[in-house]
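Residues per chain, in single letters:
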Amino acid sequence: MKKNTTGAGCPRKAMTHALRYELGLQAERTGTCAITFGAISFPSEAVFNAAADAAIDNRHDMIVSVWADNSCEKPSGYALILRSIGGAEVLEVEPAQLDRSRPLVMVSLDRKRMFFLNERAIVVEAKCDRGGKVERAIRRGKSILDKAAADGSERTVRWEHTRVTVEGDIIKTQND
């Protein structure tokens, strides 16, 4: 049986919309073009290197869900590709709800760094000093994302999706 990996039933597309929405970019707020959201299937060092090159070339940081293969219903993790003066850093991150009245943040696996989107949709880094509360916040964050992705409501689908694909050494960016 073949699973649908395109269109409304696609878990990757639903998670991409959920990431965007739950990190604070509702449909009516476009922010700047400093961030791109997406999904990576079949992750490898080459794919992450190509995504980092695309982030640098397109001048966009990236937040992506990472999927082991095309048959998965949920991502195996999340990555932040953060541009810097010297290139780009690829970090494995986890979503967290540190404050119930604010959007989700992304927390590094070592729990020392957290990243959030400011009012202009620019990734901002802060020190993560929440102690033992971080683990609970991460469980809540993952639960919120899963629920939002499964929800499929209109609030998460009214934005232009940009797809970055890698074919050999060629990186293509396409608006849907």
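Residues numbered from 1 in each chain as written. Predicted model: local features only at pLDDT ≥ 70, side-chain atom pairs only at ≥ 80, totals over all residues. Heavy atoms only, no water.

In terms of regular secondary structure, the protein is built from 3 helices and 9 strands. Going from N to C terminus, the protein has its helices and strands arranged as α-β-α-β-β-β-β-β-β-α-β-β. A total of 176 residues make up the protein; the buried ones form 42% of that total. Counting contacts in the protein only where the partners sit at least 6 residues apart, residues at least 24 apart contribute 54% of the total. Of the roughly 10000 Å² of accessible surface on the protein, a fraction of 49% belongs to carbon and sulfur atoms. (Helix = DSSP H or I, 4+ residues; strand = E, 2+ residues; numbered from the N terminus. Buried < 20%, exposed > 50% of the residue type's maximum accessible area, 1.4 Å probe, protein only. Contact = heavy atoms within 4.5 Å. Areas by Shrake-Rupley, 256 points an atom, 1.4 Å probe, with all protein chains shown as cover.)

Turning next to the confidence of the model for the protein. The share of residues in the protein with pLDDT of 70 or more is 76%, and the mean pLDDT across the chain is 80. Long-range and interchain partners of residues 1–8, a stretch whose pLDDT sits below 50, account for 9 contacts in this model, where long-range means more than four residues apart. Considering only residues more than four positions removed or in separate chains, one finds that residues 166–173, a stretch of pLDDT under 50, has 15 contacts. (pLDDT = per-residue confidence, 0-100.)

Take unusual backbone geometry next. Its identity as a non-glycine residue notwithstanding, Arg111 has a phi of 65°, on the positive side. Position of Arg111 relative to the elements: it lies in the loop between strand E5 (105–108) and strand E6 (113–117). A positive phi is found at Ala121, a non-glycine position, where the angle reads about 65°. You can see Ala121 is positioned in the loop between E6 and strand E7 (123–127).

On to the pairing of E6, then. The two faces of a sheet get side chains in turn, since along a regular strand they alternate between them. With 4 of 5 residues buried, E6 lies mostly within the body of the structure. Relative to E6, E5 runs antiparallel, the two being bridged by 2 bridges. Paired with Val107 across the bridge in E6 is Met114. Here E5 folds back onto E6, and the loop between the two strands holds 4 residues, one of which, Arg111, carries a positive phi near 65°. Across 5 bridges, the pairing between E6 and E7 is antiparallel. Its bridge partner lying in E7, Leu117 is registered against Val123. Between the end of E6 and the start of E7, which pair antiparallel, lie 5 residues, with Ala121 showing a positive phi angle near 65°. (Pairing = 2+ DSSP bridges.)

What follows deals with the pattern of salt bridges. For the structure on display, the rule yields 7 salt bridges. Residues Glu135 and Arg111 are paired through a salt bridge, measuring 2.8 Å at the closest nitrogen-oxygen approach. On the criterion of sequence distance, the pair formed by Glu135 in helix H3 (residues 133–151) and Arg111 in the loop between E5 and E6 is long-range, its members being 24 residues apart. Among the charged side chains, a salt-bridge network with shared partners connects Glu94, Arg111, Glu135 and Lys142. (Salt bridge = Lys/Arg side-chain N within 4 Å of Asp/Glu carboxyl O.)

When you line up the elements, Ile56 lands in helix H2 (residues 45–58). According to the relative accessible area criterion, Ile56 is partly exposed, its value standing at 35%. Remark: the alpha-carbon pair of Ile56 and Ile85, spanning 29 residues in sequence, is separated by 9.7 Å. For Ile56, the contacting residues outside a window of four places in its chain are Arg83, Gly87 and Ala88.

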